[in-house]
Amino acid sequence: MSQTVGFIGAGNMGWPMAACLVKAGFTVNINDSRKEVADNFVQQVGGYAPDSLRQLAETSDTIVTMLPTSAIVEHVLGGGDDNVFAGLKPGTVLIDMTSGVPSMTQKLAEKVASLGCVLIDAPVSGGVPRAKTGQLAIMVGGDDAAIEKARPVLAAMGTSILKTGGVGSGQAMKALNNLVSAGGFLIGIEALLIGQRFGLDPSVMTDVLNAATGMNNSTQKKFKQYVLSRTFDAGFTMGLLNKDLSIALQVARETATAAPLSALVKEFITSCEAKFGAGADHTEMARLCEALAGSELG
């Protein structure tokens, strides 16, 4: 494959996603704010680490951003002394895979369009394990033709490519997905705490939930693996979850949608971040539930 992909952001998710692109045969220009991380990627996985964002843009056909926030995406694309817009080639497709703010992404897409290029948003779900195997679910918003042009790149990183509507819609869907995921986690942990106090075994309860209608992603892939094991190392931070829930509630406000239960979940996660820190694993939410119940799962 002759297509060159510029990939910006080699963090916990970005590194394995970019590695999947290399494995799929793409030439990858990797960039990270920590130059040593980009250099390590080249040594361990392959590809190239251009000296600047401008050089990355000049030598890439498609550009992927996988960064913590929309504000950072905005700065990388068009802020500072070195940025992507300085070297952007007409016709380039930019894929923002950040879990960002839809309204900010829509404004960025307008700027990109004025430069003769197109931006689509394509946030992901599946966490680090599925990033490593290239089996992410990818929610894509934007121009249909641009999405089709980007499909081979997306298909190297995900097995489910789900078109959600116009640009920004993927990010809205991602935030709402994480809202549902967090809510399912919290109610499930409360149920385990109630059951344990009654005399049920939390591990047996998890098995029953997974065979019954209470099953969700957390009962399947988080309770035994990260909570009952006491490892709390699923690989997604409390701060990023809280950011996603803030976006979900912002969408609720912008659409004048009453969301009292969503607000309760958001406030609980804010409390967890205050107690455990933004860098804590999101599964440590269970520890605050335990503290409130006065007992520990095990």
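Residues numbered from 1 in each chain as written. Predicted model: local features only at pLDDT ≥ 70, side-chain atom pairs only at ≥ 80, totals over all residues. Heavy atoms only, no water.

**Describing the overall build of the protein**
Next up, step 1: A count of helices and strands for the protein gives 14 helices and 8 strands.
Next up, step 2: Computed over the C-alpha atoms, the radius of gyration of the protein is 20 Å, within 12% of the 19 Å expected from 2.2 N^0.38 for a compact globule of 298 residues.
Next up, step 3: When its C-alpha atoms are laid out on the principal axes, the protein stretches across 65 × 45 × 35 Å.
Next up, step 4: Expressed as a percentage of its 298 residues, the buried residues of the protein come to 50%.
Next up, step 5: Within the protein, contacts between residues at least 6 apart in sequence are counted, and of these 65% link residues at least 24 apart.
Next up, step 6: Carbon together with sulfur atoms contributes 56% to the accessible area of the protein, which is approximately 13,200 Å² in total.
Next up, step 7: Here the protein contributes 23 positively and 27 negatively charged side chains, and the mean placements of these two sets differ by 3 Å. (Helix = DSSP H or I, 4+ residues; strand = E, 2+ residues; numbered from the N terminus. Rg over C-alpha atoms; globule rule 2.2 N^0.38 Å. Buried < 20%, exposed > 50% of the residue type's maximum accessible area, 1.4 Å probe, protein only. Contact = heavy atoms within 4.5 Å. Areas by Shrake-Rupley, 256 points an atom, 1.4 Å probe, with all protein chains shown as cover. Lys, Arg positive; Asp, Glu negative; His and termini not counted. Charge placed at Lys NZ, Arg CZ, Asp CG, Glu CD.)

**A closer look at the environment of Thr255**
Next up, step 1: One can find Thr255 in the loop between helix 12 (238-254) and helix 13 (260-276).
Next up, step 2: There is a polar contact of 2.7 Å between the side chain of Thr255 and the backbone oxygen of Val251.
Next up, step 3: A polar atom in the side chain of Thr255 sits 2.9 Å from the side chain of Thr257. (Polar contact = N/O pair within 3.5 Å; in protein donor to acceptor, adjacent residues only side chain to side chain.)

**Details of the nonpolar core**
Next up, step 1: Within the largest apolar cluster, 34 residues are counted, with the highest numbers of intra-cluster contacts made by Phe7, Met17, Leu21, Ile95, Met97, Ile138 and Leu154.
Next up, step 2: Of all the elements, helix 7 (residues 144-155) adds the most residues to this core, at 5 residues.
Next up, step 3: With residues up to four places along the chain from it excluded, the contact list for Ile95 reads Thr62, Ile63, Val64, Thr65, Ile120, Ala122, Ala150, Val153 and Leu154.
Next up, step 4: Grouped together as the second largest cluster of nonpolar side chains are 33 residues, Leu245, Val265, Cys272 and Cys289 included. (Core = buried A, V, L, I, M, F, W, Y, C linked by side-chain atoms within 4.5 Å.)

**Some details on helix 4 (residues 70-78)**
Next up, step 1: Taken together, the buried positions of helix 4 are Ser70, Val73, Val76 and Leu77. An end-on view of helix 4 places all buried positions within 120° of arc, on one side of the element.
Next up, step 2: Just downstream of helix 4, Gly80 is the residue with a positive phi angle, here 75°. (Arc of directions from axis to C-beta.)

**Thoughts on the state of the cysteines**
Next up, step 1: What the rule picks out here adds up to 0 disulfides.
Next up, step 2: With no disulfide partner, Cys272 has as its closest neighbouring cysteine sulfur the one in Cys289, 6.6 Å distant. (Disulfide = S-S within 2.5 Å.)

**Quick look at the pairing of strand 3 (residues 62-65)**
Next up, step 1: Along strand 3, one buried face is formed by Thr62 and Val64 and the opposite face, lined by Ile63 and Thr65, is buried too.
Next up, step 2: The pairing of strand 1 (residues 4-8) with strand 3 spans 4 bridges and is parallel. Across the sheet, Gly6 pairs through a bridge with Ile63, a residue of strand 3.
Next up, step 3: In this sheet, strand 4 (residues 93-96) lies alongside strand 3 in parallel orientation, the contact comprising 4 bridges. In the sheet register, Thr65 faces strand 4, and the bridge partner there is Asp96.
Next up, step 4: Since strand 3 and strand 4 lie parallel, the crossover through helix 4 that links them has a hand, and here it is right-handed. (Pairing = 2+ DSSP bridges. Right-handed = clockwise from strand over helix to strand, strands pointing away.)

**What to know about the packing of aromatic side chains**
Next up, step 1: The final tally for this structure, using the stated rule, is 2 aromatic pairs.
Next up, step 2: Summarising the aromatic geometry, the rings of Trp15 and Phe41 are spaced 5.1 Å apart at their centres and angled 75° between planes, so their arrangement reads as edge-to-face. A residue pair is termed long-range when its members are at least 10 positions apart, and Trp15 in helix 1 (residues 14-23) and Phe41 in helix 2 (residues 35-44) qualify at 26 residues.
Next up, step 3: According to the relative accessible area criterion, Trp15 is partly exposed, its value standing at 22%.
Next up, step 4: Exposure remark for Phe41: the relative accessible area of 0% places this residue in the buried category.
Next up, step 5: Arranged with centres 5.5 Å apart and planes meeting at 80°, the rings of Phe185 and Phe223 form a pair that is edge-to-face. Taken together, the positions of Phe185 in helix 8 (residues 169-198) and Phe223 in helix 11 (residues 223-228) put the pair 38 residues apart, joining distant regions of the chain. Assigned by exposure class, Phe185 and Phe223 land together as buried. (Phe/Tyr/Trp six-rings, centres within 6.5 Å; stacked < 30°, edge-to-face > 60°.)

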